[in-house]
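# Descriptive structure summary
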Amino acid sequence: PFSGTEPRCGSSGWNATDWRAAVEHIQTAAADEGLPPLIYGIDSVHGASYCRGATLLPQQLGLAASFDESLAAASGWLTGKDSRAAATPWMFAPILGVATHPLWPRVYETFGEDPLLVARMGAAVVEGMQRRGGEGEIPARAAACMKHFVGYSAPRNGHDREGAWLSRRELEQTYLPPFQAAVDAGVQSAMESYQEVNGEPVVGSAALLQGLLRERLGFEGLLVTDWHEVGNLHDFHRVARSPEEAVLLAIGGSSSLDMSMVPTDESFSVLMGRLHARGAIDEARLDVSALRVLRLKEWLGLLPPPPAVRPAPWSHSEATVRLVESVGSASDAALAHEAARATVTLLKNAPPFGDDERPPLLPLLPFDKGGSVRRVLVTGP
C-alpha cells in the first residue's frame, strides 16, 4: 500500500501506526519461528517519505545549497525520529555520490559536485539520523546507510546504471572523501552501487568492497546490496553463468558483502544454502556477515536482553506513544520550513514576479548607466 499510485487494500499509504502494527506482526511471526528480530530498512532520503503524515524535507541538493551543517544534522534527526516512530529504524540514506555528470538523472539526490561539501553535509546527516532518541522510546536508535559505494554518480555517458571509468587518483580524490567522512562519523551501514567501475561490477569486487571500503576506509558495519545486484551479476552485468554462480561471486569472492536486498523472492538464501552444503562457501565467511547483522540489530536495540526470547512490545510504552504522535507535528513542519527558506537559491537576478517596473532582487544593475558594479563572480557548487 506504500508503493505505486493506486490504493491497495483500501489504503494509498501507511502512517506510523500502520507501519508499527505491520512490523510488530512480522517480529511476532519471527519469534514464533525461533528467529531473532528482523531489521526493516527503507529509503528515507529527504524525510521518512514512505510514512504517510511524516514531514518531508528538501532534497539533498537543495539542502546542500544552505551550506548549513547544523540544518543538515537537524534534518537527519527528524528523518530518524519519524523512521523510529514507524518502526523502520534502518534508513537507506544519505546519498554520498559526488555529482560530476550533469546528464545523470539522479543529481538532485546528491549534495552536489564538491567533495568537501558532500562530505561535511553527509557526515552531519549521519550524526543527526543516528542520534539516540528519548528515554523509553522503542526503538531508541535509527541507523543510517551511506550509499552508493562507489562511483555511481559518474556514469560514462550520463545514463543511470552506466559504468564509470575512474583513475585511481580521481576515485580517491573525488569520490572517496564523503564515504570516509561518514565512516568517521560512525555510520552503521553501507550500500554498494548498481554499476561497474572500470569494467568490474561493484557488487562482486573484492578490490572495492574489501580493499577500499573495509581496509582503506575502516568501515566495520553492515554492507547491503542495492536492489537485486547479486542477481544482476547474471541478469544485467553478464559476468556469471547462472544465478548460483552470481551468489558465489558476490559472497565467496571476498567482496565483504553481508546482505542481498531482494525482498520479493528467496532465491539468494536458497542458493546460498546449496553452495554452503557442498562446501563452495565456507561457514566462517557466513559467520562474519551474520555477526555484522546481529551487531547492527544489537546497536538498534532490537535484540532482547538475555534470557528473554521475545523482544518487548514495540507499541505500548508511553514514550513510544508520544514518539508516534510526534510525526507530522507543528515543530517538524517549522524545521522543514526553515530548511526550505535556507535553500532558496537565486538563479536569475530579475525583478520579482516578472514586474519590469520593480528593481531586480539584488542591487547590481544597471551596468550600462555608470554603475560601479561591472562584473559579478559566481562561485561554489
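In this text, all values refer to a predicted model and were calculated from it rather than measured experimentally.

One pass over the full model with this rule turns up six aromatic pairs. For the ring pair W14 and W19, a centre distance of 5.0 Å and an interplane angle of 85° mean the geometry is edge-to-face. On the basis of relative accessible area, W19 is assigned to the buried category, the value being 2%. Connected via pairs of aromatic rings, a cluster forms that spans W14, W19 and Y40.

Okay, helix α6 (residues 177-184) next. For α6, every residue scored as buried is listed here: P178, F179, A181, A182 and V183. Where α6 is buried, its residues contact α4 (115-129), β3 (143-149) and α5 (168-175).

A complete count under the given rule lists 15 salt bridges for this structure. Residue D258 pairs with R214 through a salt bridge whose shortest N-O separation is 2.9 Å. Note that D258 is positioned in the loop between α9 (243-251) and α10 (267-277) and R214 in helix α7 (residues 206-216), a separation of 44 residues in sequence. E244 serves as the salt-bridge partner of R278, at 2.6 Å between the closest nitrogen and oxygen. Pair noted here: R278 is in the loop between α10 and α11 (283-300) and E244 is in helix α9, with a separation of 34 residues, a long-range link. Residue E244 is classed as buried on the basis of its relative accessible area of 19%. Residues joined by salt bridges that share partners form a network here, namely K81, D82 and D332.

Note that F219 resides in the loop between α7 and β7 (222-224). With relative accessibility at 3%, the residue F219 sits in the buried group. Between the C-alpha atom of F219 and that of F179, which follows or precedes it by 40 residues, the distance is 9.3 Å. In contact with F219, other than residues within four places in its own chain, are M146, V183, V187, Q188, S189, A190, L213 and R214.

This part takes up the environment of G53. For G53, the position within the fold is in the loop between β1 (41-43) and α2 (60-64). Here G53 falls in the exposed class, since its relative accessible area comes to 52%. Put simply, G53 and Q173 are 120 residues apart on the chain and 40 Å apart in space, counted from C-alpha to C-alpha. With near-sequence residues (within four places) excluded, G53 lies in contact with V327 and G328.

With that out of the way, let us pick up the sheet that holds β1. Overall, parallel pairing links the five strands, which are arranged β1-β2-β3-β4-β7 in an open sheet. Lying at the two open borders of the sheet, with one neighbouring strand each, are β1 and β7. Each strand of the sheet is rotated relative to its neighbour by a mean of 25°, with strand direction disregarded. As judged from the three bridges shared by β1 and strand β2 (residues 90-92), these two strands associate in the parallel manner. In the strand pairing of β2, D43 is matched with F92.

With that settled, the discussion passes to the packing of α4 against α6. The relative placement of two packed helices comes down to the angle between their axes together with the axis-to-axis distance. Contact geometry for α4 and α6: axes closest at 8 Å, N-to-C directions at 25°. Looking at the two axes, α4 sits roughly parallel to α6. As for the relative orientation of α4 and α6, their crossing is right-handed in sense. On α6, the residues touching P115, V118, A119, A123 and V126 of α4 are P177, P178, A181 and A182. Looking at the contact of α4 with α6 residue by residue, the classes come out as nine nonpolar, no polar and no charged.

Residues L346, L361 and L362 make up a contiguous nonpolar surface patch of roughly 270 Å² in combined accessible area. Checked against the element boundaries, L361 lands in the segment after α13 (330-342). The class for L361 is exposed, based on a relative accessible area of 52%.

A few words on the side chain of H234. Counting through the fold element by element, H234 comes out in helix α8 (residues 229-235). Since its relative accessible area comes to 19%, H234 is described here as buried. Once residues lying within four places of it in the same chain are set aside, the contact partners of H234 are A240, R241, S242, P243 and A246.

What follows deals with the packing of α9 against α10. For the pair α9 and α10, interaxial distance at closest approach is 9 Å and the crossing angle is 75°. On the basis of their axis angle, the class for α9 and α10 is roughly perpendicular. Residues P243, E244, V247, L248 and I251 of α9 form the contact with α10, whose participating residues are F268, L271, M272, R274 and L275. Of the residues in the contact of α9 with α10, the class split is eight nonpolar, no polar and two charged.

Here the amide bond leading from I138 into P139 is cis, since omega sits at -5°, within 30 degrees of zero. Inspection of the secondary structure assignment puts P139 in the loop between α4 and β3. Here the residue pair F149 and V150 is connected by a cis peptide bond, since its omega of 0° sits within 30 degrees of zero. Counting through the fold element by element, V150 comes out in the loop between β3 and α5. We note that F67 has phi near 55°; this positive angle belongs to a residue other than glycine. Along the chain, F67 turns up in the loop between α2 and α3 (69-85). Within the chain, N198 stands out as a residue other than glycine whose phi angle is a positive 55°. Of note, N198 is situated in the loop between β5 (196-197) and β6 (200-201).

Rules behind the numbers
- Residues numbered from 1 in each chain as written.
- Predicted model: local features only at pLDDT ≥ 70, side-chain atom pairs only at ≥ 80, totals over all residues.
- Heavy atoms only, no water.
- Phe/Tyr/Trp six-rings, centres within 6.5 Å; stacked < 30°, edge-to-face > 60°.
- Buried < 20%, exposed > 50% of the residue type's maximum accessible area, 1.4 Å probe, protein only.
- Helix = DSSP H or I, 4+ residues; strand = E, 2+ residues; numbered from the N terminus.
- Contact = heavy atoms within 4.5 Å.
- Salt bridge = Lys/Arg side-chain N within 4 Å of Asp/Glu carboxyl O.
- Pairing = 2+ DSSP bridges.
- Axes fitted to C-alpha atoms, helices over the stretch in contact; angles between N-to-C directions.
- Parallel < 35°, antiparallel > 145°, perpendicular 65-115°, else oblique.
- Left-handed = near helix turned anticlockwise from the far one by under 90°.
- Nonpolar A, V, L, I, M, F, W, Y, C, P; charged D, E, K, R; others polar.
- Patch = residues over 30% accessible without salt bridge, like charges linked within 9 Å, V, L, I, M, F, W, Y side chains within 5 Å.
- Areas by Shrake-Rupley, 256 points an atom, 1.4 Å probe, with all protein chains shown as cover.

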